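Take a look at the letters that make up each chain.
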Amino acid sequence: MTDSDNRAEPLGGGAENSSGVIRQPIAPHMLGSATVTPDGDVEAGSWQSFTVVYTAGAYGIDDSGGLRVCFRFASDQSAPQFDNPKGANYTTVEASNGAVLQCRFDPKGNVRPWDKTLSVKVVNGYLLPGDTITVRFGITEHGGPGMRMQTFCEDSYEFRVLVDPVATYNFQPVPVQPMVRIVPGAPVRHVATLPSQRPAGTPFALHIKGEDRWGNPSDRCDAALTLRPSIPVEGLPETLQLAPGPRFVRLEGLKAAQSGVLEIDFLDASGALQFRSNPMEVTGPAEFLPFWADLHGQSEETIGTGSARQYFAFARDLAPVDATSHQGNDFQITNEFFAHLDRLTAEFDEPGRFVALPGYEWSGNTGLGGDRNVFFPEEGRQIRRSSHALIEDQSDLHTDAHTAAELFEAFAREGEWDVVCYAHCGGRYADIRAAHDGRFEKSVEVHSAWGTFEWLLHDAFDLGYRVGVVANSDGHKGRPGASYPGASMFGAIGGLTCLLLPELSRPALLDCLRSRRHYGSTGGPTGRPIIEFGAGFSADGAIFRDDPALGPAESRPGRSALMGDIVHLPEGDCSLNFRVLAGSPVETVDIFNGRDLVETFRPHAADPASRRIRILWEGALYRGRFRQVIWDGGATLSGNGITRAQAINFLNPDNPLRTDGEAGVSWTALTTGNFGGVDLWLADAAAGTLSIRTPLVEADLNVADIGTEETVFDRSAALPRLLRVQRLPETMDQTAFSGSLPVDLRDSGDNPFYLRLTLEDGTRAWTSPIYVYR
């Protein structure tokens, strides 16, 4: 099986949603026209120059009228500038008749999703029919590199032209929009994906793709590979030819009869290792198997990229994940588009192969409860919006739920007990203090492309809520399940949720969400670790799936529990156990009881004489949309040198780690609740001084004093903002790790035990808690 064509379908989200206007007072054919040159295929993230020419229509443009050239909110092309001809993104605007024009760029200058706006105003003179305004983006003749294009693929990347010909400040779109097609670049890495676990003798598939430097699946792969599995695999070819054209290859019907850990190495003609698959455990029969999902993202019909059809196809064929859901902003979803989404989920849902879950995002203002995800077990359900802000048809306003509390009340009133929700932090953050109903809201999203939000889980603990943990992309770039941040405000790779299911189907998936039987990771190439986390008891406890604090709930007696379980243990001892298998060496396993760190496990022995020093920075400014913390800076050694430097979570290829001579490094970095950093291998383990300079932290450390325990510089404000320095073992190689821990229980209230995994390469994962109470 190879790549299939899933192109956009002509289905809009309403006139206001697509153009930024409600009325069309001037006939479209009288508005004029616009063209762009060149107009062919453009490589994602490349530097380009474009000329957009608007030709005035029947009205010309009056004095103080003008036009706008708009780009989508999700687009991360570089912003135009008008002052430095030798710099990047230099842009000029000129009228053919010499009229004086005023121009400015505003990232929030038009109605969503066409937020990013170059505004051109006629301030002296006017345009007659046939006169032109020429906008040149990315001028290079003065020495600048041009305009850096959007870093993700799109069949119809628009230079969306809106015109106000009669100076009424009512901008209307020209009938035919200038556009180019953004295509992937050459592959810089390959990703081979296996299921995380399968019983011996059962069929499975291997997925292979190449990704360009921005994470786009590439159609320019060209490699002859030899496949070498760690254990025998029936049906696996000895060689594989990756050829230009398809963006992925899927090998189906494979079987492994021997138990063990399967990893597949891919070798070039010389026998050198090029890449390796994630590990897959081949086991005996299992009650639950891990399946990976990204249940949160949206497409161009709301504020994302690409069509909804392309969205589902990417998740299934290119990510690949086992399940997804389209979660468009409710105030942009027309009834027609919601019906279209229902048709798509029905079409793509294929039990045993792929789950497409119906649903939407309730997108209320933070003060009214903030963002919530809503999932239905079937198509045909009523969408209850937070508002109709961008929907012209107001005939169903009576179905709106203006607050999160009203949303939950409506589900209860209508008897929709099969609805599942969870709270998340996107542009708006969910305020679960303002509203939460555990009968519907089962989890909190602790990681997405917007950043890391472990504080949302802490909020739930503080309030006594019993919730699970999920992570998803909340992607806007049309890449559910493999959502890289690109070069804009998104500061993290989109997350993934591992669902422990008896089978891959909608009923099993929803039961898993209700049971909180899942964990989340920060995604990326090593973002599919296998994690088992459980509890054992010396006496019988009552083990609940549903929260007994919310009403009558069935329980079973038992002496063991899984992640997500709620356990009443009146007496007896409790111990926790875990097992981890990952595609990168394990750095730490942290065990928490609520907010409190109980124990940190490290599979690699501390080495006080190691030459490896790790510098990490992490945090967010506050909970809202503009949470970025800037960590631009560097590290310099005096009386010592650097033999090797390795970046951690440097996710923007435009901003790599820079080497400054033999004794320094510098960086351009930001965090949005997640973390980044650098590992330095020094010439001498003890000599000299390490100086670190960032906007928040300036520190000078004697290298000899840097220990195996972290030195923490705390600059927390509304949320944690930390810089950490630590000595790590020079090499790490343990990708499998297990352990157990006896724990004390508080006499009152919950003991929400959860595990947080950190891998050497910066990947993180969190399990849903096990809630134990006396």
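Residues numbered from 1 in each chain as written. Predicted model: local features only at pLDDT ≥ 70, side-chain atom pairs only at ≥ 80, totals over all residues. Heavy atoms only, no water.

Summarise the environment of A56; cite the residues concerned and give the values.
By the element assignment, A56 lies in strand β4 (residues 50-56). Residue A56 is classed as buried on the basis of its relative accessible area, which comes to 7%. In the structure, A56 is positioned 335 residues away from I391 in sequence and 30 Å away in space, judged by C-alpha atoms. Not counting chain neighbours up to four residues away, the residues in contact with A56 comprise G32, L127, L128, P129, G130 and D131. (Helix = DSSP H or I, 4+ residues; strand = E, 2+ residues; numbered from the N terminus. Buried < 20%, exposed > 50% of the residue type's maximum accessible area, 1.4 Å probe, protein only. Contact = heavy atoms within 4.5 Å.)

Please give an account of the nonpolar core that cites residues and values.
For soluble globular proteins, nonpolar side chains are generally found buried alongside one another. Grouped together as the largest cluster of nonpolar side chains are 68 residues, with contacts concentrated most on Y360 and V589. The biggest single contributor to this core is helix α2 (residues 308-318), with seven residues. Counting residues in each nonpolar core, the second largest holds 33 residues, with I26, A34, A56 and V174 among its members. (Core = buried A, V, L, I, M, F, W, Y, C linked by side-chain atoms within 4.5 Å.)

Explain the environment of V52 to me, using residue names and the numbers behind them.
Here V52 shows up in strand β4. Each C-alpha atom of the pair V52 and M179 lies 9.9 Å from the other, and the pair is 127 residues apart in sequence. Aside from chain neighbours lying at most four places away, what touches V52 is T35, V36, I133, T134, V135, F137, F159 and V161.

Give a description of the sheet that holds strand β53 (residues 721-728) that names residues and reports values.
Judged by pairing direction, the sheet is antiparallel, and its five strands sit side by side in the order β45-β49-β42-β53-β52 without closing on themselves. One side of each edge strand has no neighbouring strand; the edge strands of this open sheet are β45 (642-648) and β52 (711-714). Between one strand axis and the next, the sheet turns through 15° on average, direction left out of account. Sheet topology note: the strand β42 (residues 612-619)/β53 ladder contains eight bridges and is antiparallel. Across the sheet, residue I613 finds its bridge partner in β53, namely R727. (Pairing = 2+ DSSP bridges. Axes fitted to C-alpha atoms, helices over the stretch in contact; angles between N-to-C directions.)

Explain the sheet that holds strand β14 (residues 179-183) residue by residue, including any values.
Strand order in the open sheet formed by three strands is β2-β14-β11, and the pairing between neighbours is mixed. One side of each edge strand has no neighbouring strand; the edge strands of this open sheet are β2 (41-43) and β11 (154-158). Neighbour-to-neighbour, the strand axes of the sheet open up by a mean angle of 45°, direction not taken into account. Across three bridges, the pairing between β2 and β14 is parallel. From the neighbouring strand, E43 faces β14, where its bridge partner is V183.

Describe the packing of aromatic side chains, and please don't skip the residues or the numbers.
Taken as a whole and judged by the stated rule, the model has 27 aromatic pairs. Summarising the aromatic geometry, the rings of F266 and F275 are spaced 4.3 Å apart at their centres and angled 10° between planes, so their arrangement reads as stacked. Classification of F266 as buried rests on a relative accessible area of 0%. Seen in terms of ring centroids, W617 and F650 are 6.2 Å apart; in terms of plane orientation they differ by 65°. Their pairing is edge-to-face. In this pair, W617 is assigned in strand β42 and F650 in the loop between β45 and β46 (658-659), connecting sequence segments 33 residues apart. Residue classification places W617 among the buried residues on the basis of a relative accessible area of 1%. Taken together, the ring pairs in this structure connect F50, F71, F137, Y157 and F159 into an aromatic cluster. The ring of Y169 carries the charged tip of R68 above its face, separated from the ring centre by 5.3 Å. When the ring centre of F171 is taken as reference, the NZ or CZ atom of R68 above it lies at 3.9 Å. (Phe/Tyr/Trp six-rings, centres within 6.5 Å; stacked < 30°, edge-to-face > 60°. Lys NZ or Arg CZ within 6 Å of the ring centre and 35° of its normal.)

An account of the side chain of S325 is needed here, citing residue identities and associated values.
With respect to the helices, strands and loops of the structure, S325 is situated in strand β26 (residues 323-325). What makes S325 buried here is its relative accessible area of 0%. There is a polar contact of 3.2 Å between the side chain of S325 and the side chain of Q327. When near neighbours in sequence (up to four residues on either side) are disregarded, S325 contacts D294, L295, H296, G297, Y311, L357, P358, G359 and F375. (Polar contact = N/O pair within 3.5 Å; in protein donor to acceptor, adjacent residues only side chain to side chain.)

Hey, could you go over unusual backbone geometry for me, with residue numbers and the actual values?
A cis amide bond, omega -10°, links T37 with the succeeding residue P38. Within the secondary structure, P38 sits in the loop between β1 (32-37) and β2. In this chain, A319 is followed by P320 through a cis amide linkage whose omega measures -20°. A positive phi is found at Y169, a non-glycine position, where the angle reads about 65°. Mapping Y169 onto the fold places it in the loop between β12 (160-164) and β13 (172-173). The phi dihedral of D474 falls on the positive side, at around 50°, and the residue is not glycine. Positionally, D474 belongs in the loop between β33 (468-471) and β34 (496-501). Residue classification places D474 among the buried positions, given a relative accessible area of 3%.

Tell me what's going on with helix α3 (residues 335-348), and back it up with residues and numbers.
Here α3 spans 20 Å end to end across 14 residues, near enough to the 20 Å set by a 1.5 Å rise per residue. Buried within α3 we find F337, F338, H340, L341, D342, L344, T345 and F348. Next to the buried residues of α3 lie α2, β27 (355-357), β28 (359-362) and α6 (506-515). (Expected span 1.5 Å × (residues − 1).)

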